[in-house]
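This is what each chain is made of:
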Amino acid sequence: ELREAVGRLAAEGTLGDFAAEVGISGGGFFFYQFSQMVLMSKLSAIACSVVNPMSKAFVIVSCAIYFAEPMGALNIGGILLSACGVVLFTLARRADAAASAASAASARA
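Residues numbered from 1 in each chain as written. Predicted model: local features only at pLDDT ≥ 70, side-chain atom pairs only at ≥ 80, totals over all residues. Heavy atoms only, no water.

> Hey, could you go over the overall build of the protein for me, with residue numbers and the actual values?
Scanning the protein from N- to C-terminus turns up four helices and zero strands. Overall, the protein shows an N-to-C arrangement of helices and strands of α-α-α-α. Against the 2.2 N^0.38 benchmark of 13 Å for 109 residues, the protein shows a C-alpha radius of gyration of 22 Å, more extended than a compact globule. Its C-alpha atoms give the protein principal-axis dimensions of roughly 80 × 35 × 20 Å. Relative to its full complement of 109 residues, the protein shows a buried share of 6%. Of the roughly 8,600 Å² of accessible surface on the protein, a fraction of 71% belongs to carbon and sulfur atoms. Separation between the mean location of the 7 positive side-chain charges and that of the 7 negative ones in the protein comes to 22 Å. (Helix = DSSP H or I, 4+ residues; strand = E, 2+ residues; numbered from the N terminus. Rg over C-alpha atoms; globule rule 2.2 N^0.38 Å. Buried < 20%, exposed > 50% of the residue type's maximum accessible area, 1.4 Å probe, protein only. Areas by Shrake-Rupley, 256 points an atom, 1.4 Å probe, with all protein chains shown as cover. Lys, Arg positive; Asp, Glu negative; His and termini not counted. Charge placed at Lys NZ, Arg CZ, Asp CG, Glu CD.)

Given below as structure tokens:
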């Protein structure tokens, strides 16, 4: 089956385009995985567990826009809920860091 598919691509003159797209896709996936590893090395496990689903939501929305997929109210609501969760997590994390800094400062005084 693979030989037939490659033969069909070669006969249609699209084998080079297909190879280029596979290479670009592989490079993009490598960059995605590498950036995820860098991100995980700089964030806590909880922060990664919050950020990771948001990055997936971004990819889904980007693909839906690119492929002109219709977005229903439920889809948009889910995206907004996910974004609000990340914002609330960020605000809570900043408040916790500020409280810890204030507590450390008062302990030193």
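> Give me unusual backbone geometry: which residues, what numbers.
The backbone phi angle of Ala68 is positive, close to 55 degrees, even though this residue is not glycine. Mapped onto the secondary structure, Ala68 falls in the loop between helix 3 (45–66) and helix 4 (73–108).

> I'd like a description of the side chain of Gln36, backed by residues and values.
Structurally, the position occupied by Gln36 is in helix 2 (residues 15–42). Note on Gln36: relative accessible area 13%, which makes it buried. With near-sequence residues (within four places) excluded, Gln36 lies in contact with Asn52 and Ser55. (Contact = heavy atoms within 4.5 Å.)

> How would you sum up the packing of helix 3 against helix 4? Please name residues and give values.
The packing of two helices is summarised by the inter-axis angle and the distance between the axes. Remark: helix 3 packs on helix 4, axes separated minimally by 10 Å, with the N-to-C direction vectors making an angle of 150 degrees. For the element pair helix 3 / helix 4, the angle class is roughly antiparallel. As helix 3 packs across helix 4, the resulting crossing turns out to be left-handed. Mapping the contact onto sequence places Ile46, Ala47, Val50, Met54, Ala57 and Val61 in helix 3 and Ile79, Ser82, Ala83, Val86, Phe89 and Arg93 in helix 4. Classifying every residue of the contact of helix 3 with helix 4 gives 10 nonpolar, one polar and one charged. (Axes fitted to C-alpha atoms, helices over the stretch in contact; angles between N-to-C directions. Parallel < 35°, antiparallel > 145°, perpendicular 65-115°, else oblique. Left-handed = near helix turned anticlockwise from the far one by under 90°. Nonpolar A, V, L, I, M, F, W, Y, C, P; charged D, E, K, R; others polar.)

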